2 protein chains.
Amino acid sequence: MTSSIDSLDTPVAVVDVSRMQRNIQRMQNQANRQGVRLRPHVKTTKCEQVVAAQVKAGAQGITVSTLKEAQAFFAQGITDILYAVAMAPTKLNQALALRRAGCSLTIVTDSVAGARAITDFCRTHGERFEVFIEIDSDHHRSGVRSDDPVLIEIARILHEGGAVLKGVMTHAGESYKLNTLEALQEIAEIERSECGMAAEAIRSAGLPCQEVSVGSTPTALSAVHLDGVTELRAGVYVFFDLVMHNVGVCQLDELALSVLTTVIGHQPEKGWIITDSGWMAMSRDRGTQSQQCDFGYGLVCDTEGKLIDGLQLRSANQEHGVASFEEGQQVEIEQQFPIGTRLRILPNHACATGAQYQAYEALDENGEISLWPRLNGW
Amino acid sequence: MTSSIDSLDTPVAVVDVSRMQRNIQRMQNQANRQGVRLRPHVKTTKCEQVVAAQVKAGAQGITVSTLKEAQAFFAQGITDILYAVAMAPTKLNQALALRRAGCSLTIVTDSVAGARAITDFCRTHGERFEVFIEIDSDHHRSGVRSDDPVLIEIARILHEGGAVLKGVMTHAGESYKLNTLEALQEIAEIERSECGMAAEAIRSAGLPCQEVSVGSTPTALSAVHLDGVTELRAGVYVFFDLVMHNVGVCQLDELALSVLTTVIGHQPEKGWIITDSGWMAMSRDRGTQSQQCDFGYGLVCDTEGKLIDGLQLRSANQEHGVASFEEGQQVEIEQQFPIGTRLRILPNHACATGAQYQAYEALDENGEISLWPRLNGW
């Protein structure tokens, strides 16, 4: 067989385009069903071709995690961009340059000091930044609580200081720690209601709050209703990964990203198959370590993407992976997986694994491969 | 103050050039004292300027972890290159192209199948590859044991099959798990003696084995003597990191790599300082997690590189880091670390953190900054 995947040098990040398309459609259907816009978080792929597929399916605007992503996707014609990390004052110049170039960039703050830095900058530069206030809906990371008086203080500073107070946004990152539909539905409802209450509090103070933006892949897919929400954000759903499988929002055959690797050696007495997929190829992400099912550095498939029962990448050095079967499995590894054998590894975390590569190899249903560059750095 | 570090966008990887130079000299001194060549492993930095400093200090040849590194450093004038990962047959064409271009590339194998693939390729292409046999000195990963009859079989296949059997090499990766001088000296001696015995076994079989190449940063620095060894390999010593500090081979003030970050928010009730150094900036490497002292995602310093007592980057999302003091420490975080504050984080693992960046910002003793590009990918 000489399908084009066999011609690739390893290690390489392979995207199963059919699976990706189904994942994109699944999330878009959920947004459509709930009557909200979908603003995908492009931090997972940082890839023009993937984002084009999301937009084609119905996404409206994108979310980014760095201003470099904003610059790149704006250069590719996307104008409606949310930079979803609290704005550092030193980065306002970069944001200003994007807005002056015609990008409808929305920025985020969650503090009085942050809001003041933005409005000071607005006045100095005669620019009306559009701003979301970040809400802490689940005690996960950043944001202000919906019932904290500071929320109204921030809103007032922005509105009266010359910024456009566009709305509120939240991200229920705690959802990654859950693994039952009931718990996911509950946190999705908390995410929705907390963000909605924050919007109501702002409106009750006589201030504008048009947008209510929520989301994470687990909550977005689990939400029963999204009343009061205007847009949904999610990122990793486009590829899914082993962490999301453990959370319970995807099946293993929905994982669209894998690392193609080559067997380079064995330690037969230990049952070790040595591969060229070390942590540089997989990333150091061991997200499943703290979940109910620890998948090591990844689950091993054949080149067709079919799981090999019991075979896992159990440890990794920089350019060496060590795969082995479960204890008790009797496998003649040197005979069944001789040097030169190609395998595909499903990763813990698609965002982290993708970041180890400068491009994806996109494998379509005909076995054709296209190179899809991705962005890295800041 | 307006030193040039203040003008950098964050997050960014900063190299303290003075510390780096001292680290380079320290390892070179050890090699000189032991009467062996130093062949630094450039996988840590993949950076022309760093490698130039190593060569200037006395390094002879380099070790690489990918053929892309070999290509890049050969293009920069380094001809004596050891590719220290067992050769995948599919990569022999790349290796051949390098040799035909004039690169003295040495490759590695540890199996009969690997040796046969190399000699078959030698015959087909009329090329006499120079080859090291990898020895398993510490049951860590790859390699053949010094007393395994397969060692002589591999040596004979190479020698009689048209390759140049150049020598043996080993890497005592288990040394990373140790943390006392006595244990490090012991594993350094095992690494030396096992590799030496392998060389002797090959020579006793009437086969050539000129080179005996050993090393890892912990063993290289701990070896009491290196009788029979011809060259030393080590990589991470050039920057050191928190893992190496826990192993016991460097002081915290010898760490030459840090991530410059900006405070972007707070959760005052929790004592959280939110930074723009998430795992994308630090890498997901949590190497200290299994050591005697878990440093989280890193130890926090001020912009001068001075440690801030008790402050640690305790968790990380993609573009958010969460730093906090130890329980019981009373610190007014919003006042002492207001939004916009710059900090520097010492990473777990310099190889992994560096790989998140396309360049280092090299900070010299005068506070001047130079951009040092690095290589990534395969």
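Calculation rules
- Residues numbered from 1 in each chain as written.
- Chains lettered and ligands numbered in written order.
- Predicted model: local features only at pLDDT ≥ 70, side-chain atom pairs only at ≥ 80, totals over all residues.
- Heavy atoms only, no water.
- Helix = DSSP H or I, 4+ residues; strand = E, 2+ residues; numbered from the N terminus.
- Rg over C-alpha atoms; globule rule 2.2 N^0.38 Å.
- Buried < 20%, exposed > 50% of the residue type's maximum accessible area, 1.4 Å probe, protein only.
- Contact = heavy atoms within 4.5 Å.
- Areas by Shrake-Rupley, 256 points an atom, 1.4 Å probe, with all protein chains shown as cover.
- Domains from an automatic or database assignment.
- Buried area = accessible area lost by both parts, 1.4 Å probe.
- Salt bridge = Lys/Arg side-chain N within 4 Å of Asp/Glu carboxyl O.
- Polar contact = N/O pair within 3.5 Å; in protein donor to acceptor, adjacent residues only side chain to side chain.
- Pairing = 2+ DSSP bridges.
- Right-handed = clockwise from strand over helix to strand, strands pointing away.
- Axes fitted to C-alpha atoms, helices over the stretch in contact; angles between N-to-C directions.
- Parallel < 35°, antiparallel > 145°, perpendicular 65-115°, else oblique.
- Left-handed = near helix turned anticlockwise from the far one by under 90°.
- Nonpolar A, V, L, I, M, F, W, Y, C, P; charged D, E, K, R; others polar.
- Expected span 1.5 Å × (residues − 1).
- Least-squares fit on C-alpha atoms with pLDDT ≥ 70 in both.

**Q** Kindly report on the overall build of chain A, identifying the contributing residues and their values.
**A** A tally of helices and strands in chain A yields 12 helices and 17 strands. Relative to the globule expectation of 21 Å for 378 residues, the C-alpha radius of gyration of chain A, 22 Å, shows essentially globular dimensions. Counting only C-alpha atoms, chain A reaches 75 × 45 × 35 Å along its principal axes. Within the span of chain A, comprising 378 residues, buried residues form 63% of the whole. Considering only contacts within chain A whose residues lie at least 6 apart along the sequence, 67% involve residues at least 24 apart. Counting only carbon and sulfur atoms, one obtains 47% of the accessible surface of chain A, whose full area is about 13,600 Å².

**Q** Got a sec to walk through the domain arrangement of chain A? Specific residues and values, please.
**A** Residues and elements named next belong to chain A. Domain boundaries assigned for chain A yield domain 1 (7-11 + 250-373) and domain 2 (39-236). The C-alpha-based centres of domain 1 and domain 2 are spaced at 35 Å. Contact between domain 1 and domain 2 buries roughly 720 Å² in total, counting both sides, with carbon and sulfur atoms accounting for 58%. The largest contributions to the domain 1 side of the interface with domain 2 come from Cys351, Tyr360 and Trp372, which together make up 58% of the buried area. In this structure, the connection of domain 1 to domain 2 is made through 0 salt bridges. Between the two partners, domain 1 and domain 2, sit 3 residue pairs in polar contact (both at pLDDT 80 or more). Listed by contribution, the elements that provide at least two residues to the side of domain 1 that touches domain 2 are helix H12 (350-354) and strand S17 (369-373). It is S17 that contributes the most residues to the side of domain 1 that touches domain 2, 3 residues altogether.

**Q** Describe in detail the pairing of strand S4 (residues 80-86) of chain B, supporting the description with residues and values.
**A** Consecutive side chains of a regular strand alternate in pointing toward one face of the sheet and then the other. All names here are of chain B. Burial within S4 is extensive, with 6 of its 7 residues counted as buried. Across 3 bridges, the pairing between strand S3 (residues 62-64) and S4 is parallel. Bridging across to S4, Thr63 finds its partner in Leu82. For the handedness criterion, the β-α-β arrangement of S3, helix H3 (residues 67-75) and S4 is classed as right-handed. In the sheet, S4 pairs with strand S5 (residues 104-109) via 4 bridges, with the strands oriented parallel. Its bridge partner lying in S5, Leu82 is registered against Thr106. A crossover links S4 with its parallel partner S5, the connecting element being helix H4 (residues 92-100), and its sense is right-handed.

**Q** Pulling in residues and values, what's your account of the packing of helix H1 (residues 17-34) of chain A against helix H2 (residues 48-57) of chain A?
**A** All names here are of chain A. Running from N to C, H1 and H2 cross one another at 40°; their axes reach a closest spacing of 10 Å. By the angle class used here, H1 and H2 are oblique. For the crossing formed where H1 meets H2, the hand is right-handed. Where H1 abuts H2, its residues Met20, Gln21, Ile24, Gln25 and Gln28 lie against Val50, Ala53, Gln54 and Ala57. Its residues assigned to classes, the contact of H1 with H2 comprises 5 nonpolar, 4 polar and no charged.

**Q** An account of helix H7 (residues 181-204) of chain A is requested, with residue identities and associated values reported.
**A** All names here are of chain A. For H7, built from 24 residues, the straight-helix expectation of 34 Å at 1.5 Å per residue is met to within 8% by its first-to-last C-alpha distance of 34 Å. Every buried residue of H7 is accounted for by Leu184, Ile187, Ala188, Glu191, Arg192, Glu194, Cys195, Ala198, Ala199 and Ile202. Residues of H7 that are buried in the fold lie against strand S6 (130-135), helix H6 (149-160), strand S7 (164-170), strand S8 (211-214), helix H8 (217-222) and helix H9 (242-247). Positioned one or two residues after H7, Gly206 has a phi angle of 80°, which is positive.

**Q** Let's hear about the packing of H6 of chain A against H7 of chain A: which residues, and what values?
**A** Residues and elements named next belong to chain A. In the contact formed by H6 and H7, the axes pass within 10 Å of each other and the chain directions differ by 60°. Classed by the angle they form, the pair H6 and H7 counts as oblique. The interaxial crossing formed by H6 with H7 has right-handed handedness. In contact with Leu151, Ile152 and Ala155 of H6, H7 contributes Ala198, Ala201 and Ile202.

**Q** A description of the relation of the copies chain B and chain A should follow, citing residues and the corresponding values.
**A** It takes a turn of 180° to lay chain B on chain A, together with a shift of 0.0 Å along the axis; the resulting RMSD is 0.0 Å. These values place the two chain copies in the arrangement generated by a two-fold rotation axis. Distance from the rotation axis, computed per C-alpha, reaches its smallest value in chain B at Arg284 of chain B: 2.5 Å. Both copies contact each other with a shared surface, as 100% of the interface residues of chain B are interface residues in chain A too.

**Q** Report on the sheet that holds S5 of chain B, specifying residues and quantitative values.
**A** Reading across the sheet, the 8 strands line up as S2-S9-S8-S7-S6-S5-S4-S3 (chain B) and stay open at both edges, with parallel pairing between neighbours. With partners counted over all chains shown, the strands left at the sheet margins are strand S2 (37-38) and S3 of chain B, one partner each.

**Q** Pulling in residues and values, what's your account of the interface of chain B and chain A?
**A** Between chain B and chain A, the contact holds 56 residues from the first and 56 residues from the second. Roughly 4,600 Å² of surface becomes buried between chain B and chain A when both sides are summed, with 52% attributable to carbon and sulfur atoms. Counting every contact that joins chain B to chain A gives 4 salt bridges. Of the charged contacts, one joins Arg284 of chain A and Asp285 of chain B as a salt bridge, the two residues approaching to 2.6 Å between their closest N and O atoms. Joining chain B to chain A, the criterion identifies 24 residue pairs in polar contact (both at pLDDT 80 or more). Among the elements of the structure, S4, helix H5 (112-125), strand S10 (257-267), strand S11 (272-275), helix H10 (279-282) and helix H12 (350-354) of chain B are those that each provide at least two residues to the side of chain B that touches chain A. Taken together, the residues of the side of chain B that touches chain A break down into 19 nonpolar, 23 polar and 14 charged.

**Q** Can you explain unusual backbone geometry? Please cite residues and give values.
**A** All names here are of chain A. That bond from Thr10 to Pro11 is cis: its omega, -5°, falls within 30 degrees of zero. Residue His139 is not a glycine yet carries a positive backbone phi of 60°. Mapped onto the elements of the fold, His139 is located in the loop between S6 and H6. Residue class for His139 comes out partly exposed when judged on its relative accessible area of 45%.

**Q** Please set out the pairing of strand S11 (residues 272-275) of chain A residue by residue, giving values where relevant.
**A** All names here are of chain A. As judged from the 4 bridges shared by strand S10 (residues 257-267) and S11, these two strands associate in the antiparallel manner. Paired with Gly265 across the strands is Ile274, a residue of S11. The turn linking S10 back onto S11 is made up of 4 residues, and Gly271 within it adopts a positive phi angle of 75°. Pairing geometry for S11 and strand S14 (residues 321-324), over 3 bridges, is antiparallel. Opposite Ile274, over in S14, you have Val322 as the bridge partner.

**Q** Can you lay out the pattern of salt bridges for me, pointing to particular residues and giving the numbers?
**A** Where side chains of opposite charge bring their charged atoms close, a pairing between them can arise. Taken as a whole and judged by the stated rule, the model has 39 salt bridges over all chains. Residue Arg156 of chain A is joined to Glu160 of chain A by a salt bridge in which the shortest nitrogen-to-oxygen separation is 3.6 Å. Taken together, the positions of Arg156 of chain A and Glu160 of chain A, both in helix H6 and 4 residues apart, correspond to about one turn of that helix. Overall, the relative accessible area of 33% leaves Arg156 of chain A in the partly exposed class. Between Glu174 of chain B and Lys177 of chain B there is a salt bridge whose closest N-O contact spans 2.9 Å. Because the salt bridges share partners, they merge into one network encompassing Arg37, Arg39, Asp80, Glu211 and Glu231 of chain A.

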